[in-house]
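Okay, here's what each chain looks like letter by letter:
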Amino acid sequence: AQSVTQPDIHITVSEGASLELRCNYSYGATPYLFWYVQSPGQGLQLLLKYFSGDTLVQGIKGFEAEFKRSQSSFNLRKPSVHWSDAAEYFCAYFDDYKLSFGAGTTVTVRA
Amino acid sequence: DAGITQSPRYKITETGRQVTLMCHQTWSHSYMFWYRQDLGHGLRLIYYSAAADITDKGEVSDGYVVSRSKTENFPLTLESATRSQTSVYFCASSEMGGTQYFGPGTRLLVL
């Protein structure tokens, strides 16, 4: 069955340090992949998406993600995190009409 | 230009009661979705609708009913609430194949 997996439940990172969140997908064809962020008590906001073309995708808030077919991965990165990046991050793939989400990774930012 | 709104934002009810969660979008998107968010599960699709009067089940539809008489509204009803339906509920909308935009969520507690 098609799916996305986020191996890390929780990551703690220092403010100003780099961040990488992992997402692995299981899908036969080229998937349509997304990263969403959910700040505490808020809804989900789209960070970026990959449909085709360039494998490095730029998003909002300084985030980027790289699609690697050979590794079945779509990892999210940010070079320097800010305290406001503390949130839960969800990887998702688009399957015909709907999104299927990973379980999420919670990011804590320490001063 | 409110986008997508949900009401109520918070709801406490008792087991066996009927509860209706409201969702309204102002973009005239054809697709609308209901998800529930539970710890360790990410977001799971309850129901979706491709257009007015067209609805279909998602992966966790038992105990829920939806209707869509108007394009902009997509209410979700818990016919007889159970404690296992305590969750955060998100509504989303999109054009066909497009980015899904999420509402702020409804936190439901079933006692």
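It should be emphasised that the depicted structure is a prediction, and the values quoted were computed from it without experimental measurement.

Parameters and conventions
- Residues numbered from 1 in each chain as written.
- Chains lettered and ligands numbered in written order.
- Predicted model: local features only at pLDDT ≥ 70, side-chain atom pairs only at ≥ 80, totals over all residues.
- Heavy atoms only, no water.
- Helix = DSSP H or I, 4+ residues; strand = E, 2+ residues; numbered from the N terminus.
- Rg over C-alpha atoms; globule rule 2.2 N^0.38 Å.
- Buried < 20%, exposed > 50% of the residue type's maximum accessible area, 1.4 Å probe, protein only.
- Areas by Shrake-Rupley, 256 points an atom, 1.4 Å probe, with all protein chains shown as cover.
- Lys, Arg positive; Asp, Glu negative; His and termini not counted.
- Charge placed at Lys NZ, Arg CZ, Asp CG, Glu CD.
- Contact = heavy atoms within 4.5 Å.
- Buried area = accessible area lost by both parts, 1.4 Å probe.
- Salt bridge = Lys/Arg side-chain N within 4 Å of Asp/Glu carboxyl O.
- Polar contact = N/O pair within 3.5 Å; in protein donor to acceptor, adjacent residues only side chain to side chain.
- Nonpolar A, V, L, I, M, F, W, Y, C, P; charged D, E, K, R; others polar.
- pLDDT = per-residue confidence, 0-100.
- Pairing = 2+ DSSP bridges.
- Disulfide = S-S within 2.5 Å.

## Focus on the overall build of chain B
A count of helical and extended segments in chain B gives zero helices and eleven strands. Put simply, chain B runs from its N terminus to its C terminus through helices and strands in the order β-β-β-β-β-β-β-β-β-β-β. For a compact globule of 111 residues, the expected C-alpha radius of gyration is about 13 Å, and chain B comes in at 13 Å, within 12% of that figure. If one aligns the C-alpha atoms of chain B with their principal axes, the spans along those axes are about 35 × 25 × 25 Å. Per-residue burial over chain B gives 48% buried out of 111 residues. For chain B, the exposed surface amounts to about 5400 Å²; the carbon and sulfur share of it is 49%. In chain B, 10 positive and 10 negative side-chain charges are present, and the distance between their average locations comes to 8 Å.

## Some thoughts on the overall build of chain A
When helices and strands are tallied, chain A shows zero helices and twelve strands. A compact globule built from 111 residues should have a C-alpha radius of gyration of about 13 Å, and chain A, at 13 Å, falls within 12% of that. For the C-alpha atoms alone, the extent of chain A along its principal axes is close to 40 × 25 × 20 Å. By the burial criterion, 44% of the 111 residues in chain A qualify as buried.

## A look at the interface of chain B and chain A
With 20 residues of chain B at the contact, the number on the chain A side is 18 residues. For the pair chain B and chain A, the summed buried area comes to about 1500 Å², and 58% of that belongs to carbon and sulfur atoms. Of all residues in chain B, Leu43(B), Thr99(B) and Phe102(B) give up the largest surface area on contact with chain A, accounting jointly for 30% of the area buried on that side. In this assembly, chain B and chain A are joined by zero salt bridges. Joining chain B to chain A, the criterion identifies three residue pairs in polar contact (both at pLDDT 80 or more). Looking at the side of chain B that touches chain A residue by residue, the classes come out as nine nonpolar, nine polar and two charged.

## Some thoughts on the confidence of the model for chain B
Segments scoring low in pLDDT should not have their predicted coordinates read at a detailed level. When the pLDDT values of chain B are averaged, the result is 94; 98% of them are 70 or greater. The least confident element of chain B, judged by mean pLDDT, is strand S10 (residues 101–102) of chain B at 92; the most confident is strand S8 (residues 76–78) of chain B at 98.

## A few points about the pairing of strand S11 (residues 98–101) of chain A
All names here are of chain A. With burial as the criterion, each face of S11 is covered, one bearing Lys98 and Ser100 and the other bearing Leu99 and Phe101. As paired elements, strand S10 (residues 87–95) and S11 share four bridges and run antiparallel to each other. Counted as the bridge partner of Phe94 is Leu99 from S11. Hairpin connection of S10 to S11: two residues between the antiparallel strands, including Asp96 at a positive phi of 65°.

## Thoughts on the side chain of Ser93(B)
All names here are of chain B. Relative to the assigned elements, Ser93 resides in strand S9 (residues 87–94). Its relative accessible area of 0% is what places Ser93 among the buried residues. A polar contact of 2.8 Å, which involves the side chain of Ser93, links it to the side chain of His29. Among all residues touching Ser93, those that are not within four sequence positions of it are Ile4, Gln25, Trp27, His29, Tyr31, Met32, Phe33, Thr99, Gln100 and Tyr101.

## With respect to the pairing of strand S2 (residues 10–14) of chain A
Residues and elements named next belong to chain A. Across the two faces of S2 the burial differs, with Ile11 and Val13 buried and His10, Thr12 and Ser14 not buried at all. Note that S2 and strand S12 (residues 105–110) share five bridges and pair parallel. The residue bridging Val13 from the neighbouring strand is Val109, located in S12.

## Points about the state of the cysteines
Residues and elements named next belong to chain B. Using the criterion set out here, one finds two disulfides over all chains in the structure. There is a disulfide in this structure between Cys23 and Cys91, and the S-S distance comes to 1.8 Å. Between Cys23 and Cys91 the disulfide shows an S-S torsion of about -75°. By sign, it is left-handed. A residue pair is termed long-range when its members are at least 10 positions apart, and Cys23 in strand S3 (residues 19–25) and Cys91 in strand S9 qualify at 68 residues. Considered together, Cys23 and Cys91 belong to a single accessibility category, that of buried residues.

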